[in-house]
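# Structure at a glance
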Amino acid sequence: VQALEDHYSPSRWSPRLDRDTIIDAHLAVTAAGTERARASAQTLLHVPYGSGDGEKLDIYFPTDPSETFPVLVYIHGGYWQCLSKDESGFAAPPLVSQGVAVVAVGYDIAPRGHMDTMVLQVRRSLAFLVERYPRIRGIYLCGHSAGAHLAAMVLSTDWTGFQVVPDIKGAVLVSGLYDLEPILHTYVNDALNMSWEVAQRNSPMRHVTPAAPAACEVLMAVAQHDSPEFRRQSQEYSQALRAAGWSVSLLDLAGVDHFDIIERLSEDSYVLTQV
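Nothing here was measured: the structure is a model prediction, and the numbers come from that model.

## Focus: unusual backbone geometry
With an omega dihedral of 5 degrees, the bond running from Ala 110 to Pro 111 counts as a cis peptide bond. Checked against the element boundaries, Pro 111 lands in the loop between strand 4 (101-105) and helix 4 (115-132). Of note, the phi angle at His 46 is positive, near 60 degrees, even though the residue is not glycine. Phi at Trp 80 is positive, roughly 60 degrees, even though this residue is not glycine. The class of Trp 80 is buried, set by a relative accessible area of 0%.

Shown next, in the form of structure tokens:
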């Protein structure tokens with residue numbers, strides 16, 4: 001059990017900082033980056049996409065928006081129990097300068113939010129964006145860690161229950177988890193309180209749908225210093241998607257860990273920003 005706990009504790013695997021300081025450092029970096037983004041871009045903050053307190057999103061508009069523009073929807077990590085949209089705008093500056101809108105989605109984290117609720121909220125936020133902003137031309141999802149899990153759950157959505165079908169052209173899944181079963185046996189589930197059924201129902205690995213003809217491209221990224229379990233999960237999910245006909249590429253990024261792999265999206269020249 002201890003080995004499993006370690007493998008699902010991303011902060012133990014970084015050579016940069018010890019596990020007590022790396023989370024605080026990550027919070028500081030993403031919060032400062034978001035402040036910079038809010039100061040430099042035209043924004044609409046705390047836009048409600050539902051009636052719940054946590055159901056709000058932040059929009060960072062492109063510097064010179066054309067008639068229609070693509071949008072990158074960012075879904076934050078934090079093991080479904082910390083962080084928020086308020087530290088999730090750090091990736092906006094390089095993108096808004098290229099004519100891309102960036103949306104940071106808030107959702108009800110645990111213990112208040114249940115896993116089923118979070119998945120539904122993220123799906124509803126996309127339906128809301130499409131209905132509310134007809135000028136959006138194509139949605140690109142980007143999720144980090146738990147956010148990559150939620151983004152992957154979006155890919156398996158049956159949209160018939162919604163008024164719209166979002167045109168999801170791409171998904172960038174960064175250092176994510178795609179099978180929740182192992183988490184049931186770790187400290188992570190203390191706040192989530194998932195049953196085996198909930199974990200099964202919300203594991204993207206178990207709900208890979210055949211790729212649609214104009215299916216979106218999936219880019220998976222994993223850090224050299226992610227734990228072996230995180231690396232394994234990315235590998236296996238990318239293989240499962242590929243087997244179902246999806247267009248997938250897996251980027252293994254050298255010299256980064258579970259945290260700076262995403263923090264560096266604030267840099268124009270960073271490989272992931274470029275891709």
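We are not done yet, so read on.
## Topic: the environment of Arg 19
Along the chain, the position of Arg 19 falls in helix 2 (residues 19-40). Here Arg 19 falls in the partly exposed class, since its relative accessible area comes to 44%. Linking Arg 19 and Ser 9, residues ten residues apart in sequence, is a C-alpha distance of 8.9 Å.

## Details of the packing of helix 4 against helix 5 (residues 146-155)
At a closest axis distance of 10 Å, the pairing of helix 4 and helix 5 adopts a crossing angle of 65 degrees. By the angle between their axes, helix 4 is roughly perpendicular relative to helix 5. Our pair here, helix 4 against helix 5, has a crossing hand that is right-handed. Seen from helix 4, the contacting residues are Met 115, Met 118, Val 119, Val 122, Arg 123 and Leu 126; seen from helix 5, they are His 149, Leu 150, Met 153 and Val 154. When its residues are assigned to classes, the contact of helix 4 with helix 5 shows eight nonpolar, one polar and one charged.

## Things to note about the UniProt feature "domain: BD-FAE-like" (unreviewed entry) in the chain
With numbering aligned to this structure, UniProt lists the feature "domain: BD-FAE-like" (unreviewed entry) at residues 57-154. A helix fraction of 33% and a strand fraction of 27% characterise residues 57-154, whose end C-alpha atoms lie 17 Å from each other.

## Regarding the pairing of strand 3 (residues 69-75)
Counting buried residues along strand 3, seven of its seven residues qualify, which places the element largely inside the surrounding structure. Judged by which residues are buried, strand 3 turns out to be covered on both faces: Phe 69, Val 71, Val 73 and Ile 75 on one side and Pro 70, Leu 72 and Tyr 74 on the other are all buried. Bridge count between strand 3 and strand 4: five bridges; the pairing is parallel. Paired with Leu 72 across the strands is Val 102, a residue of strand 4.

## Thoughts on the environment of Val 188
Its place among the elements puts Val 188 in the loop between strand 6 (168-174) and helix 6 (189-192). A residue is classified by how much of its surface remains accessible, and Val 188, at 0% relative accessible area, is buried. Sequence-wise, Val 188 and Tyr 79 are 109 residues apart; in three dimensions their C-alpha atoms are separated by 7.2 Å. Residues within four places of Val 188 in sequence aside, it is in contact with Tyr 8, Tyr 79, Trp 80, Gln 81 and Ile 183.

Reading the values: rules and limits
Residues numbered from 1 in each chain as written. Predicted model: local features only at pLDDT ≥ 70, side-chain atom pairs only at ≥ 80, totals over all residues. Heavy atoms only, no water. Helix = DSSP H or I, 4+ residues; strand = E, 2+ residues; numbered from the N terminus. Buried < 20%, exposed > 50% of the residue type's maximum accessible area, 1.4 Å probe, protein only. Axes fitted to C-alpha atoms, helices over the stretch in contact; angles between N-to-C directions. Parallel < 35°, antiparallel > 145°, perpendicular 65-115°, else oblique. Left-handed = near helix turned anticlockwise from the far one by under 90°. Contact = heavy atoms within 4.5 Å. Nonpolar A, V, L, I, M, F, W, Y, C, P; charged D, E, K, R; others polar. UniProt positions renumbered as here; feature names shortened; annotations may be inferred. Pairing = 2+ DSSP bridges.

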